[in-house]
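Structure assessment
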Amino acid sequence: MKQAGIGIVIPVYNREQELRRTFDSVVAQTYRPIHVVLVDNGSTDGSLDLCRELKGAYETDDFRITVVEEAKRGPSAARNRGLACVTEEFVAFLDSDDEYIPEAVSLYMQAFESNSSADIAGCTIRLVPEQGKPYSAKAVFSNRVEPHLFHSTLGTVRYAVRTAVVRAVGGWPEDYMRWEDWGLGIKLLLFTDRIVWVQTPPLVNVYLHADSHAVRHDDTENDPLCFVLWHCSFLY
């Protein structure tokens, strides 16, 4: 029986140095078929050329690669542009400086296969700081909104979802330039409680640095609520 496909949407903005590591982690997935959607969001370095290079070098029948551009600023607009390209039943979102473990997609799809009514398969993540040892983020396995408010249970890279579900809630909130995954997570949790969790191992390595999507020092320092919630999401 043909396996269900999954789209992986990766927004790209000036990630010429980091993108190959992220992309290589998708190529290394033990699951097929996969459809990778690379969305360049107005990069001023060589990111768009690299996206095209990767498509030419790696695309196969069961590893499709779509490269598109989105002029509207912000990761939400880029993710929505990528979402529009997804024809597969399931979709996941990966930041262009993070990486999957090789079994990540396979474990997502096994979770969906074992729980046919599930709309979302969630996971834990491993945080990789610039200095110090990597560590696992706080794991909270809940289908309720309240834990998400403090622990970001449905953060950007923490789940795969039925494509129809994320479209039904309106996709990514493009008016948000920060904490957009927090907002989408709330909408998803209000829409469905059919969530299954891949509790171990952590499926994504999230690299923490000054301009990563996971850490927005310039944003959180200017917004006390964001500063508190960001720390709560990882520490408590």
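I will try to describe carefully the structure that is included in this document. (Residues numbered from 1 in each chain as written. Predicted model: local features only at pLDDT ≥ 70, side-chain atom pairs only at ≥ 80, totals over all residues. Heavy atoms only, no water.)

**A few points about the sheet that holds strand E8 (residues 135-136)**
With respect to topology, four strands assemble into an open sheet ordered E5-E11-E7-E8, the strand pairing being mixed. Taken across any chain shown, the strands that pair with only one partner, and hence form the sheet edges, are strand E5 (99-100) and E8. (Pairing = 2+ DSSP bridges. Helix = DSSP H or I, 4+ residues; strand = E, 2+ residues; numbered from the N terminus.)

**Focus: empty space enclosed by the protein**
It is a probe the size of a water molecule, rolled over the atoms, that shows where empty space is left. Enumeration according to the criterion identifies two cavities of 30 Å³ or more in this entry. If you add up the space inside the second largest cavity, you get close to 40 Å³. Lining the second largest cavity are Cys 123, Thr 124, Lys 138, Ala 139, Val 140, Phe 141, Thr 153, Arg 158 and Trp 197. Residues of the lining of the second largest cavity, tallied by class, amount to five nonpolar, two polar and two charged. (1 Å grid on protein atoms, 1.4 Å probe; cavity = no way out; pocket = protein on both sides within 12 Å on 5 of 7 lines; lining within 4 Å. Points joined across faces, edges and corners; volume = space filled by probe spheres on them. Nonpolar A, V, L, I, M, F, W, Y, C, P; charged D, E, K, R; others polar.)

**Overview of the nonpolar core**
Here is a general trend for soluble globular proteins: nonpolar side chains tend to be buried in one another's company. With 41 residues, the main nonpolar core has Ile 10, Val 26, Ile 34, Val 36, Tyr 100 and Val 204 as its most contacted residues. Per element, the largest residue contribution to this core is six residues, and it comes from helix H4 (residues 104-114). Leaving out residues up to four positions away in the same chain, Val 26 has contacts with Ile 8, Ile 10, Arg 32, Ile 34, Val 36, Phe 63, Leu 94 and Tyr 100. Grouped together as the second largest cluster of nonpolar side chains are 24 residues, Val 39, Ala 78, Leu 184 and Leu 189 included. (Core = buried A, V, L, I, M, F, W, Y, C linked by side-chain atoms within 4.5 Å. Buried < 20%, exposed > 50% of the residue type's maximum accessible area, 1.4 Å probe, protein only. Contact = heavy atoms within 4.5 Å.)

**A few points about the sheet that holds strand E9 (residues 159-162)**
Strand order in this open sheet of seven strands is E3-E2-E1-E4-E9-E6-E10, and the pairing throughout is mixed. At either end of the open sheet lies a strand with only one pairing partner, and these are strand E3 (63-69) and strand E10 (195-198). Between one strand axis and the next, the sheet turns by 20° as a mean value, whatever way the strands run. (Axes fitted to C-alpha atoms, helices over the stretch in contact; angles between N-to-C directions.)

**Here we look at helix H1 (residues 19-27)**
Residues spaced three or four apart along an α-helix face the same direction, because each turn holds 3.6 residues. For H1, every residue scored as buried is listed here: Leu 19, Thr 22, Phe 23, Ser 25 and Val 26. In a view along the axis of H1, the buried residues occupy a sector of 155°, so they form one face of it. Of the surrounding elements, those touching the buried residues of H1 are strand E1 (6-12), strand E2 (34-40), helix H2 (47-58), E3 and E5. (Arc of directions from axis to C-beta.)

**Some points on the side chain of Asn 205**
With respect to the element layout, Asn 205 can be found in strand E11 (residues 204-208). A relative accessible area of 11% places Asn 205 in the buried class. A distance of 3.3 Å separates a polar atom in the side chain of Asn 205 from a polar atom in the side chain of Arg 126. Setting aside anything within four residues of it in sequence, one finds Asn 205 in contact with Asp 98, Glu 99, Arg 126 and Val 128. (Polar contact = N/O pair within 3.5 Å; in protein donor to acceptor, adjacent residues only side chain to side chain.)

**With respect to helix H7 (residues 180-191)**
Taking 1.5 Å of rise per residue, the twelve residues of H7 would be expected to cover 16 Å, and the 17 Å separating its terminal C-alpha atoms lies within 8% of that figure. Glu 180, Asp 181, Gly 183, Leu 184, Gly 185, Leu 188 and Leu 189 are the residues of H7 that are buried. As for H7, its buried residues are in contact with helix H3 (75-83), strand E6 (120-123), helix H5 (145-151), E9, helix H6 (163-168) and E10. (Expected span 1.5 Å × (residues − 1).)

**Some words on the pattern of salt bridges**
If you walk through the whole model with that rule in mind, you get 13 salt bridges. The partner of Asp 97 in a salt bridge is Arg 15, and the shortest N-O contact between them spans 3.4 Å. Placement of the pair is Asp 97 in the loop between strand E4 (90-93) and E5 and Arg 15 in the loop between E1 and H1, with a sequence separation of 82 residues. Taken individually, Asp 97 and Arg 15 each receive the classification buried, so the pair is uniform in this respect. A salt bridge links Arg 162 to Glu 89; its shortest N-O distance comes to 2.6 Å. Here the residue Arg 162 occupies a position in strand E9, and Glu 89 occupies one in the loop between H3 and E4, the gap between them amounting to 73 residues. (Salt bridge = Lys/Arg side-chain N within 4 Å of Asp/Glu carboxyl O.)

**What about the packing of aromatic side chains?**
Per the counting criterion, the structure on display carries six aromatic pairs. Arranged with centres 5.1 Å apart and planes meeting at 80°, the rings of Phe 93 and Trp 172 form a pair that is edge-to-face. Residue Phe 93 is found in strand E4, and its partner Trp 172 is found in the loop between H6 and H7; the two are separated by 79 residues along the sequence. One exposure class covers both Phe 93 and Trp 172, and it is buried. Taken together, the aromatic side chains of Phe 23, Tyr 58 and Phe 63 make up a single cluster linked through ring pairs. Across the ring face of Tyr 207, the terminal group of Arg 21 is positioned such that the distance to the ring centre comes to 3.7 Å. (Phe/Tyr/Trp six-rings, centres within 6.5 Å; stacked < 30°, edge-to-face > 60°. Lys NZ or Arg CZ within 6 Å of the ring centre and 35° of its normal.)

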